Amino acid sequence: MNTQFDFGHSVPRNIVYVKPVAVADLPEAIRNQAHGAETLYAVHREDGEQLALVADRKLAFVLARQHDMAPVAVH
C-alpha cells in the first residue's frame, strides 16, 4: 500500500477550508452583527489565515469558488 502516485495537476492548488464557528465563541463586535444566528462559517487558508466569515455553509463554498479556490469542509 506504499505505491507512489504522481498527482500532477489534478490536485487543486488553492485549497481553502470551510468550518462552522459558534457565534458564542466570537468577539462581541461580531456577535452583535450575527443577527441571531448560532453558527457562522469561516473560510481559512491552509496556513490557518481566516479569509472570510459568512452566514451559511453554501455561501462559504460559493464565495470560495468565485475566487478560484477549492473549498473543503472541516468537521
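Parameters at a glance
- Residues numbered from 1 in each chain as written.
- Predicted model: local features only at pLDDT ≥ 70, side-chain atom pairs only at ≥ 80, totals over all residues.
- Heavy atoms only, no water.
- Helix = DSSP H or I, 4+ residues; strand = E, 2+ residues; numbered from the N terminus.
- Buried < 20%, exposed > 50% of the residue type's maximum accessible area, 1.4 Å probe, protein only.
- Contact = heavy atoms within 4.5 Å.
- Polar contact = N/O pair within 3.5 Å; in protein donor to acceptor, adjacent residues only side chain to side chain.
- Pairing = 2+ DSSP bridges.

Moving on, we get to the overall build of the protein. Looking only at helices and strands, one finds 2 helices and 4 strands in the protein. Counting only residues that meet the buried cut, the protein has 24% of its 75 residues in that class. Long-range pairs, those at least 24 residues apart, make up 39% of the contacts in the protein with a sequence separation of at least 6.

Positionally, His 44 belongs in strand E2 (residues 39-44). Among the polar contacts listed, one links the side chain of His 44 to the backbone oxygen of Gly 48, at a separation of 2.9 Å. Once residues lying within four places of it in the same chain are set aside, the contact partners of His 44 are Val 16, Tyr 17, Lys 19, Glu 49, Gln 50 and Leu 51.

All right, on to the pairing of strand E1 (residues 15-22) then. The sheet contact formed by E1 and strand E4 (residues 70-73) spans 4 bridges and is parallel. Bridge pairing in E4 links Ile 15 to Ala 70. With 6 bridges connecting them, E1 and E2 associate as antiparallel partners. By the bridge assignment for E2, Lys 19 is matched with Ala 42.

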